[in-house]
Amino acid sequence: MYKFTERREKEMRLQNRILKAGICLLAAVSLLTGCDKKSEMVPAETSPAPKPVVIGFSQLGAESDWRSANTQSMKTTFTAENGYQLIFEDGQQKQSNQIRAIRTFIQQDVDYIVLAPVTETGWDTVLQEAKDAGIPVILLDRQVDATDDSLFTCWVGSDFELEGRKVTEWLRQYTIRKGIDPSEIHIVNIQGTIGASAQIGRTKGLARAAEENGWELLAEVPGDFTQTKGREVMAELLNMYEDLNVVYCENDNEAFGAIEAIEAAGKKAGSDLQAGEIMVISFDGVKKEAMEYVYEDKISCIGECNPEQGAMVQEVIGKLERGETPEKFSYVQEGMLTHDDTVPEVMVGGKKYPVTVVTGEMIQE
Ligand code: AHR
């Protein structure tokens, strides 16, 4: 009964907000259309400033440059000037912190909860609590493995498996064009946070390509999406596998660390496998340093992961405020970056994706 009342109240508040927005619009229209008829003008009543839309945002952490850019995108979108109050909570990579944040948002009776979940499983209970309180939950970036899709309103983010398939298709075509036999490819995968959508999708993308193309997948090791772990893990892998010649890093920060380890071991990161270089493949393409590394051919290919998701979440909330139903899943647009034009485009799932060569001008911009 209590839950029902709560939900009903929420619905009524949303209806009121829609109604108020409609009244404001009507008032504005009548004011505008009446401007030339001076005699009919009546002094406008001063109405109180509209209440901001309150959003509780549980970000999973600050492990990478991508994550900082994603947080920034949300903060610059949901400003007081734009009519929002954003309550930001950093989960510091711990699901327990994120669950606590969601419960606090429920107590604060926010209008919407945005959740960027650290890993996919274990969200059912708290999502049910948000649903019972009548608060829509919008998932950002990563997904949840919920038993029931109605536990969240919708999701905005990247297709991580597609990202993995795009860069591995680039590798396939690159090696074909350079006359390198698949049996000569020996890959290690420095994975992201285990259980995170980005890790699951990108790991799947590589495993599938390795199997289909006959590449040797030497090892899959967690790197937590951080530079420190990327360096640490790569140093160990270099010691273990002498023939290792491709490292697939599940984000750029891991790649920065892996490159440090390669250079510390007296080896060279680069695309020239025939000359004994170690090819680095990565994801994100957010930081200038990553672009410079592609330009210098220290990173051979980056599958772009787009952190600019704030505007899409705003669009979703706009729809909900107007009483419309947003798409359940909305994907961001993402490209690919490389050092040279050996592979101008890749074809995955019957669709072509252009590959952009990084230039000095692009870096300056
Ligand atoms: O979920 C997106 C991934 O998470 C980004 O690729 C990575 O950099 C981040 O930490």
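As a reminder, the structure under discussion sits directly above these lines.
All figures in this text were calculated on a predicted structure; none of them were measured in a lab.

K.L.:
It is not clear to me how the overall build of the protein should be interpreted in this structure. Could you clarify?
P.N.:
Looking only at helices and strands, the protein has 11 helices and 15 strands in total. Residue pairs in contact within the protein that sit at least 24 positions apart in sequence constitute 73% of those at least 6 positions apart. Counting every atom, the protein has about 17,800 Å² of accessible surface; 52% of that belongs to carbon and sulfur.

K.L.:
Sorry if this is basic, but what is going on with the side chain of Thr71 here?
P.N.:
Among the structural elements, Thr71 can be located in helix 2 (residues 65-77). Setting aside its immediate chain neighbours within four residues, Thr71 contacts Gln59 and Phe88.

K.L.:
Would you mind going over the pattern of salt bridges with me for this structure?
P.N.:
Proximity of charged atoms lets side chains of opposite charge pair with each other. All told, the structure shown has 16 salt bridges when counted by the stated rule. Residues Glu260 and Arg231 are paired through a salt bridge, measuring 2.3 Å at the closest nitrogen-oxygen approach. Remark: Arg231 occurs in helix 7 (residues 227-240) and Glu260 occurs in helix 8 (residues 252-264); sequence separation between them is 29 residues. Judged by its relative accessible area of 31%, Glu260 is partly exposed. Between Glu289 and Lys287 there is a salt bridge, and its shortest N-O distance comes to 3.3 Å. By relative accessible area, Glu289 is classed as partly exposed at 24%. Because the salt bridges share partners, they merge into one network encompassing Glu63, Arg67, Asp141 and Arg142.

K.L.:
Can you walk me through the environment of Glu169 in this structure?
P.N.:
For Glu169, the location among the structural elements is in helix 5 (residues 160-177). Given the relative accessible area of 13%, Glu169 is considered buried. Sequence separation between Glu169 and Leu206 is 37 residues; the distance between their C-alpha atoms is 9.5 Å. Excluding anything up to four places from it in sequence, Glu169 contacts Val346, Met347 and Val348.

K.L.:
For this particular structure, what's the right way to read the site of the ligand?
P.N.:
Near the ligand you find Glu63, Ser64, Trp66, Arg67, Asp141, Arg142, Phe160, Ala198, Arg202, Phe225, Asn251 and Asp284, and these make up its full shell. In the model, an oxygen atom of the ligand is placed 2.9 Å from a nitrogen or oxygen of the Ser64 side chain. The separation between an oxygen atom of the ligand and a polar side-chain atom of Arg67 is 3.0 Å. In the complex, 100% of the free accessible area of the ligand, which totals 280 Å², lies under the protein chains. Listed by contribution, the elements that provide at least two residues to the shell around the ligand are helix 2 and helix 6 (197-213). For the shell around the ligand, the class distribution of residues is four nonpolar, two polar and six charged. The residues that make up the shell around the ligand include at least three from each of domain 1 (53-158 + 308-331) and domain 2 (160-305 + 335-364).

K.L.:
It is not clear to me how the pairing of strand 4 (residues 137-141) should be interpreted in this structure. Could you clarify?
P.N.:
Both faces of the sheet carry side chains from a regular strand, because those side chains alternate between them. In terms of burial, strand 4 is largely enclosed, as five of its five residues are buried. Judged from the three bridges that link them, strand 3 (residues 112-115) and strand 4 form a sheet pairing that is parallel. Each residue of the ladder has a partner; that of Leu115, found in strand 4, is Leu139. In this fold, the crossover linking strand 3 to strand 4 by way of helix 4 (residues 124-132) has right-handed handedness.

Rules and cut-offs
- Residues numbered from 1 in each chain as written.
- Predicted model: local features only at pLDDT ≥ 70, side-chain atom pairs only at ≥ 80, totals over all residues.
- Heavy atoms only, no water.
- Helix = DSSP H or I, 4+ residues; strand = E, 2+ residues; numbered from the N terminus.
- Contact = heavy atoms within 4.5 Å.
- Areas by Shrake-Rupley, 256 points an atom, 1.4 Å probe, with all protein chains shown as cover.
- Salt bridge = Lys/Arg side-chain N within 4 Å of Asp/Glu carboxyl O.
- Buried < 20%, exposed > 50% of the residue type's maximum accessible area, 1.4 Å probe, protein only.
- Near = heavy atom within 4 Å.
- Polar contact = N/O pair within 3.5 Å; in protein donor to acceptor, adjacent residues only side chain to side chain.
- Nonpolar A, V, L, I, M, F, W, Y, C, P; charged D, E, K, R; others polar.
- Domains from an automatic or database assignment.
- Pairing = 2+ DSSP bridges.
- Right-handed = clockwise from strand over helix to strand, strands pointing away.

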